[in-house]
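# Residue-level structure breakdown
So the chains spell out like this:
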Amino acid sequence: VQLVESGGGLVQPGGSLRLSCAASGFTFSSYAMSWYRQAPGKERELVAGITSGGGSTNYADSVKGRFTISRDNAKNTVYLQMNSLKPEDTAVYYCHARRTLVNFYWGQGTQVTVSS
């Protein structure tokens with residue numbers, strides 16, 4: 001099983017990034033997918049989630065209206081489009097796949113830094 005994130009980097013405030021998470025080794029279309037993030041000294045927090053079929057999404061209040069989660073089950077990939085980035089969005093972003101409470105996987109994370 002692999003979840004490989006990409007697309008992180010350094011961006012100026014107000015800029016945009018698109019994160020991708022490529023999945024392999026499991027039936028991607030059967031899993032709800034989420035993005036979490038963890039800033040230095042803080043707990044990991046849920047950023048956005050999407051159901052297995054893509055019909056429903058949810059977002060943390062801090063990113064509503066700025067971030068969009070989507071998935072392509074044909075490509076086994078989930079995305080996080082991040083617009084109007086703020087310095088407080090700086091964190092390591094993790095991809096998460098979940099089928100049940102005990103059946104889940106994590107990616108290795110990708111660093112997003114928002115700074116001028």
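Note that the structure is predicted; figures quoted are calculated from it, not measured. (Residues numbered from 1 in each chain as written. Predicted model: local features only at pLDDT ≥ 70, side-chain atom pairs only at ≥ 80, totals over all residues. Heavy atoms only, no water.)

## Section: the state of the cysteines
The final tally for this structure, using the stated rule, is one disulfide. Here Cys21 connects covalently by a disulfide to Cys95, the sulfurs 2.1 Å from one another. Because the torsion about its S-S bond is -85 degrees, the bridge between Cys21 and Cys95 counts as left-handed. Of this pair, Cys21 sits in strand β3 (residues 17-24) while Cys95 sits in strand β9 (residues 91-100); the two residues are 74 residues apart in sequence, bridging distant segments of the chain. (Disulfide = S-S within 2.5 Å. Helix = DSSP H or I, 4+ residues; strand = E, 2+ residues; numbered from the N terminus.)

## Observations concerning the packing of aromatic side chains
Summed over all chains, the structure comprises six aromatic pairs. Taken together, a centroid distance of 4.7 Å and an interplanar angle of 65 degrees make the contact between Phe26 and Tyr31 edge-to-face. One exposure class covers both Phe26 and Tyr31, and it is buried. Residues Tyr94 and Trp106 carry aromatic rings whose centres are separated by 6.4 Å and whose planes lie at 90 degrees to one another, so their mutual orientation is edge-to-face. Taken together, the positions of Tyr94 in strand β9 and Trp106 in strand β10 (residues 103-106) put the pair twelve residues apart, joining distant regions of the chain. In this structure Tyr94 comes out as buried when scored by relative accessible area, which is 13%. Each member of the aromatic cluster is reached from another via a ring pair, and the members are Phe26, Phe28, Tyr31 and Tyr105. In this arrangement the basic side chain of Arg44 is found over the ring face of Tyr94, its NZ or CZ atom lying 3.7 Å from the centre. Over the ring of Phe28 we find Arg71, and its NZ or CZ is 4.4 Å from the ring centre. (Phe/Tyr/Trp six-rings, centres within 6.5 Å; stacked < 30°, edge-to-face > 60°. Buried < 20%, exposed > 50% of the residue type's maximum accessible area, 1.4 Å probe, protein only. Lys NZ or Arg CZ within 6 Å of the ring centre and 35° of its normal.)

## Focus on unusual backbone geometry
Positive phi is not limited to glycine here, since Asn76 has a value of about 55 degrees. As for its placement among the helices and strands, Asn76 is situated in the loop between β7 (67-72) and β8 (77-82). With relative accessibility at 28%, the residue Asn76 sits in the partly exposed group. For Ser84, which is not glycine, the phi torsion reads 50 degrees and is therefore positive. With respect to the element layout, Ser84 can be found in the loop between β8 and β9. Assessed through its relative accessible area of 41%, Ser84 is described here as partly exposed.

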